[in-house]
Amino acid sequence: MSQRTYQIAVMPGDGTGPEVIREGVKVLEAVARRFNLKFNWNYFDWGGDRYLKTGETIPAGGIEELKKHDAIYLGAIGHPDVKPGILEKEILLRTRFELDQYVNLRPVKLYPGVWTPIKDKGPEDIDFVVVRENTEGLYAGGGGFLRKGTPYEVAVQESINTRMGVERCIRFAFEYCRKRNKKKKVTLVGKTNVLTFAWDLWWRVFQEVGEEYPDIEKDYAHVDATCMWFVKNPEWFDVIVTDNMFGDIITDLGAMIQGGMGIAAGGNINPQGVSMFEPIGGSAPKYTGKNVINPLAAICAGMMMLEWLGEKFKDQALVDASSAIEKAVIKVCRDHLKSLSAGKMGYTTQEVGDLVAKYSEEGVDL
Ligand code: IPM
Ligand code: MN
């Protein structure tokens with residue numbers, strides 16, 4: 001029997017968010033039955049529709065409400081009728097910042113039977129994790145305009161890198177690498193040859209913190225070369241640590257080599273606070289309401305949430321439930337889906353959720 005009832009804030013959000021979160025909750029309820037877990041789902045209607053109706057992004061006291069939960073399960077934020085930037089900055093980024101979710105953890109793992117555009121590479125080659133700094137860098141909002149709207153306009157967008165922010169992120173990467181216990185290698189991904197202030201700091205901190213981890217191999221790669229190696233030699237990577245902007249960019253490429261946005265998930269982590277788990281693909285407005293979007297990314301976000309909570313609260317039932325979901329996802333990818341792309345799966349959104357839920361609850365031999 002699990003130790004407690006887990007309080008989960010559910011934020012389905014915009015576009016296909018609600019459809020995929022519905023399947024995710026279905027799967028989490030299925031493992032809850034099997035492993036005697038209890039989840040209390042509290043729904044939050046933040047997103048584009050609420051904003052269009054009320055003008056509110058995060059309502060007053062909203063962040064405080066989120067803090068009362070053990071984790072947050074998010075669908076997608078972004079609405080075609082709202083100017084780009086408003087919802088993203090005022091809901092998604094504000095939540096990441098105010099809850100100090102300082103790591104965005106994004107696994108890039110190719111499951112057996114999943115098609116990858118990388119020729120001659122398989123699941124044994126594509127299995128790494130990106131630790132993206134999640135509260136600073138270009139995302140911190142530093143900068144401004146001068147003479148806006150004139151021919152002499154100046155726009156400055158600053159990358160803010162603090163010693164504390166860089167250090168905690170790098171330390172997280174080393175700790176995670178040790179726990180993961182695979183290739184035991186951390187690669188710092190940056191741009192030390194051009195961005196000589198920010199990456200000087202990152203480089204120094206990486207060396208210093210790295211000394212505390214003699215068991216772990218240290219490597220460095222420029223971000224542009226990293227894009228090349230994701231395609232050419234993905235097997236070189238184990239744990240990557242990088243800043244917010246580079247992490248954003250390379251994880252979209254990472255998602256593609258693991259089979260696409262249909263399966264890519266991530267966690268916004270505050271080890272001391274409340275973490276938030278989400279599919280990384282966005283709200284996909286053109287597929288909204290069609291029952292064709294792939295719910296596996298949201299399901300995998302749920303799986304990450306259970307693993308994280310299990311380790312945080314030392315609750316083995318959650319960790320077991322998480323691996324049951326992973327096995328079910330592997331089976332569905334291997335034995336059922338024709339493709340991971342929306343509309344090409346050979347199954348509806350709901351049918352994929354039903355299959356994963358069934359296999360998660362029954363257990364599968366792979
Ligand atoms: C992501 C997204 C967000 C980001 C956007 C929607 C603000 O692209 O989670 O990767 O840039 O972090
Ligand atoms: Mn992104």
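Residues numbered from 1 in each chain as written. Chains lettered and ligands numbered in written order. Predicted model: local features only at pLDDT ≥ 70, side-chain atom pairs only at ≥ 80, totals over all residues. Heavy atoms only, no water.

## Points about the packing of aromatic side chains
Here is step 1: Going through the model one piece at a time under the given rule, you end up with 15 aromatic pairs.
Here is step 2: Residues phenylalanine 128 and phenylalanine 230 carry aromatic rings whose centres are separated by 4.8 Å and whose planes lie at 50 degrees to one another, so their mutual orientation is tilted. Of the two residues, phenylalanine 128 is situated in strand 5 (residues 127-133) and phenylalanine 230 in helix 7 (residues 223-232); the sequence distance between them amounts to 102 residues.
Here is step 3: For phenylalanine 230, a relative accessible area of 0% puts it in the buried group.
Here is step 4: Considering the side-chain rings of phenylalanine 172 and tyrosine 176, the 6.0 Å spacing of their centres and the 10 degrees angle between planes classify their relative orientation as stacked. (Phe/Tyr/Trp six-rings, centres within 6.5 Å; stacked < 30°, edge-to-face > 60°. Helix = DSSP H or I, 4+ residues; strand = E, 2+ residues; numbered from the N terminus. Buried < 20%, exposed > 50% of the residue type's maximum accessible area, 1.4 Å probe, protein only.)

## Describing the site of ligand 1
Here is step 1: Near ligand 1 the following residues occur: Glu88, Leu92, Arg96, Arg106, Arg132, Tyr139 and Asp248.
Here is step 2: With respect to ligand 1, the side chain of arginine 132 contributes an N or O atom lying 2.8 Å from an oxygen atom.
Here is step 3: Here an oxygen atom of ligand 1 sits 2.6 Å away from a polar atom, N or O, in the side chain of tyrosine 139.
Here is step 4: In isolation ligand 1 offers 320 Å² of accessible surface; the protein chains occlude 76% of this area. (Near = heavy atom within 4 Å. Polar contact = N/O pair within 3.5 Å; in protein donor to acceptor, adjacent residues only side chain to side chain. Areas by Shrake-Rupley, 256 points an atom, 1.4 Å probe, with all protein chains shown as cover.)

## Let's talk about the nonpolar core
Side chains of a nonpolar character, in soluble globular proteins, are inclined to be buried together.
Here is step 1: Ile8, Phe39, Val241, Leu296 and Val329 are the most contacted members of the largest nonpolar core, which has 96 residues in total.
Here is step 2: Looking at this core, you find at least three residues from each of domain 1 (1-102 + 277-366) and domain 2 (116-258).
Here is step 3: If we skip the residues at most four places from it in the chain, leucine 296 touches Gly262, Ile263, Val329, Cys333, Leu337, Leu340, Val352 and Val356.
Here is step 4: Membership of the second largest hydrophobic core comes to 17 residues, among which are Phe44, Ile72, Leu74 and Val274. (Core = buried A, V, L, I, M, F, W, Y, C linked by side-chain atoms within 4.5 Å. Domains from an automatic or database assignment. Contact = heavy atoms within 4.5 Å.)

## Details of the sheet that holds strand 2 (residues 38-43)
Here is step 1: Spatial strand order, 2-1-3-12-11-4-5-10-8-9: ten strands in an open sheet with mixed pairing. Across the chains shown, the open sheet's two edge strands, defined by having one partner strand only, are strand 2 and strand 9 (217-222). When strand polarity is set aside, the average angle formed by the axes of neighbouring strands in this sheet is 25 degrees.
Here is step 2: Contacts from helix 7 reach strand 5, strand 8 (185-190), strand 9 and strand 10 (239-242), with the element oriented near 105 degrees to strand 9.
Here is step 3: Contacts from helix 9 (residues 296-312) reach strand 1 (5-13), strand 2, strand 3 (71-76), strand 4 (103-109), strand 11 (265-269) and strand 12 (275-279) within the one sheet, and its direction differs from that of strand 12 by about 155 degrees. (Pairing = 2+ DSSP bridges. Axes fitted to C-alpha atoms, helices over the stretch in contact; angles between N-to-C directions.)

## Comments concerning helix 5 (residues 163-180)
Here is step 1: End to end, helix 5 covers 25 Å across 18 residues, agreeing with the expected 26 Å (1.5 Å per residue, within 8%).
Here is step 2: Every buried residue of helix 5 is accounted for by Gly165, Val166, Arg168, Cys169, Ile170, Phe172, Ala173, Phe174, Tyr176, Cys177 and Arg180.
Here is step 3: Within two residues after helix 5, asparagine 181 carries a phi angle of roughly 55 degrees, on the positive side. (Expected span 1.5 Å × (residues − 1).)

## Section: the UniProt feature "domain: Isopropylmalate dehydrogenase-like" (unreviewed entry) in the chain
Here is step 1: Per the UniProt record, "domain: Isopropylmalate dehydrogenase-like" (unreviewed entry) is annotated on residues 7-356.
Here is step 2: The annotated region residues 7-356 carries 41% helix and 19% strand content, and the separation between its end C-alpha atoms amounts to 23 Å. (UniProt positions renumbered as here; feature names shortened; annotations may be inferred.)

## Topic: the side chain of asparagine 270
Here is step 1: Inspection of the secondary structure assignment puts asparagine 270 in the loop between strand 11 and strand 12.
Here is step 2: Ignoring sequence-local partners within four residues, the contact set of asparagine 270 consists of Leu99, Asp100, Gln101, Tyr102 and Ser275.

## Quick word on the domain arrangement of the chain
Here is step 1: Under the domain assignment used here, the chain contains domain 1 (1-102 + 277-366) and domain 2 (116-258).
Here is step 2: Each of domain 1 and domain 2 has a C-alpha centre, and the two are 25 Å apart.
Here is step 3: The partner domain 2 presents twelve residues to the nine residues of domain 1 that form the contact.
Here is step 4: Around 1000 Å² of area is buried between domain 1 and domain 2 when both sides are counted, 57% of it from carbon and sulfur atoms.
Here is step 5: Counting every contact that joins domain 1 to domain 2 gives two salt bridges.
Here is step 6: Its salt-bridge partner being lysine 179, residue glutamate 311 comes within 3.4 Å of it at the nearest N-O pair.
Here is step 7: Taken together, domain 1 and domain 2 are joined by four residue pairs in polar contact (both at pLDDT 80 or more).
Here is step 8: Counting residues per element, the side of domain 1 that touches domain 2 draws most heavily on helix 4 (residues 86-98), which supplies three residues.
Here is step 9: In terms of residue class, the side of domain 1 that touches domain 2 is made up of five nonpolar, one polar and three charged. (Buried area = accessible area lost by both parts, 1.4 Å probe. Salt bridge = Lys/Arg side-chain N within 4 Å of Asp/Glu carboxyl O. Nonpolar A, V, L, I, M, F, W, Y, C, P; charged D, E, K, R; others polar.)

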